[in-house]
Amino acid sequence: MHLSNTSFDLVICADDYALTPSICEAIIELADLGRISATSVMTLSPFWPAWAQRAERMQTCIDVGLHLDFTSDFAVEQGYGTTLGQLMVSSMLRTLSPVKVKEQILHQLDLFEQHAGSEPDHIDGHQHVQQFPVIREALIETLVKRYPSNRRPWIRVSRLLTSQWELKKQIINAMGANSLLILSQRFGVAHSHALSGSYDFSGDTYCYWLRLNDWIKTIPTGTVLMCHPSTDHDTVAPFAKARYQELKVLRESDLQNLLDLRGVRIVRGKLLFKTPTVRPLMQQKL
């Protein structure tokens, strides 16, 4: 019996594939169970080449995309990454070099395709960098030039539903959610409309279940619900305890029961998000 008279489709995306082997294991398990419909890959990770073949196999049933990265330890160690705070300031002041940003986007796309053997199904960003000023323009330009419209990855827009008291979510939105959405529409790039799943990684398994229940009750259609699962033996990833708690909740049959009650279907973003129609003269130079 459904609690809702209407049903809608939802993308559940597990972030950080290749950050650690434990995260890869958790994401593969959830993909096999049908509890997620997308994952995002950190191609700068030294673990990516070894786990790429498993990602390629997952791509037959879920979207596998690029988790664009400018702030991880991997990016810093490779000579161009920086802290999140520094990146936010330099992007807002537009002191980032568009040429260097494009080079890094192309490099990470190349790493994805080299090891996965296919184009990414979507693009999002580690710490939501895909929508920061300078980066978002470089990303849209790169995607339009690199891929034909029928093979172009969809873009995750990190526009979070928030109240006036949720400062972190407001900051994420202010870093360019609406601007990225407008750019995507202008240049014919398919995109999501909203993002859910953000929290401070506090609480126990029951707290995460309550959060998940609230998110599923309130999110609109066209939403991506992000998650960050990992196994219980992960000692490397940030918030390892919270990641395992997410896995425990997401792997249980209670999640599918909740989705059924709410009339929600987990689907791939490549099937849900359609390429916008670009009007003549609307597509302008970035």
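Residues numbered from 1 in each chain as written. Predicted model: local features only at pLDDT ≥ 70, side-chain atom pairs only at ≥ 80, totals over all residues. Heavy atoms only, no water.

1. Focus: helix H10 (residues 240-251)
Residues separated by three or four positions in an α-helix point in the same direction, a consequence of the helix having 3.6 residues per turn. What counts is decided by this rule: Runs of H or I in DSSP of at least four residues are treated as helices and runs of E of at least two as strands, each being numbered from the N terminus. The span one expects for a helix is its residue count, reduced by one, times 1.5 Å. Each residue is placed in one exposure class: buried if its accessible area under a 1.4 Å probe, protein chains only, is under 20% of its type's maximum, exposed if it is over 50%, and partly exposed if it falls in between. Any two residues having at least one pair of non-hydrogen atoms within 4.5 Å are treated as being in contact.
The end-to-end C-alpha distance of H10 is 17 Å, a good match for the 16 Å that 12 residues give at a rise of 1.5 Å each. When H10 is considered as a whole, its buried residues turn out to be Ala240, Ala242, Arg243, Gln245, Glu246, Leu247, Val249 and Leu250. Residues of H10 that are buried make contact with strand S1 (8-17), helix H1 (21-33), helix H9 (205-218), strand S7 (223-227) and helix H11 (253-262).

2. Let's talk about the pairing of strand S4 (residues 122-125)
Within a regular strand, side chains alternate between the sheet's two faces. To keep things clear, this is the line we draw: A pair of strands counts as paired when DSSP detects no fewer than two bridges linking them.
Side chains His122 and Asp124 project from S4 onto one buried face, and the interleaved Ile123 and Gly125 project onto a second face that is buried too. With 3 bridges joining them, strand S3 (residues 63-68) and S4 adopt parallel strand pairing. Bridging across to S4, Leu66 finds its partner in Ile123. As defined by bridge partners, S4 adjoins strand S5 (residues 154-155) across 2 bridges and the pair is classed as parallel. Bridge pairing in S5 links His122 to Trp154.

3. Remarks on helix H4 (residues 84-92)
Quick note on the threshold: Taken from the helix axis, the directions to the C-beta atoms give the arc we talk about.
For H4, the full list of buried residues reads Leu87, Ser90 and Ser91. Down the axis of H4, the sector holding all buried residues measures 100°, keeping them to one side. If you follow the buried residues of H4, they end up packed against helix H6 (135-146). In the stretch just after H4, Arg94 is the one whose phi turns positive, near 60°.

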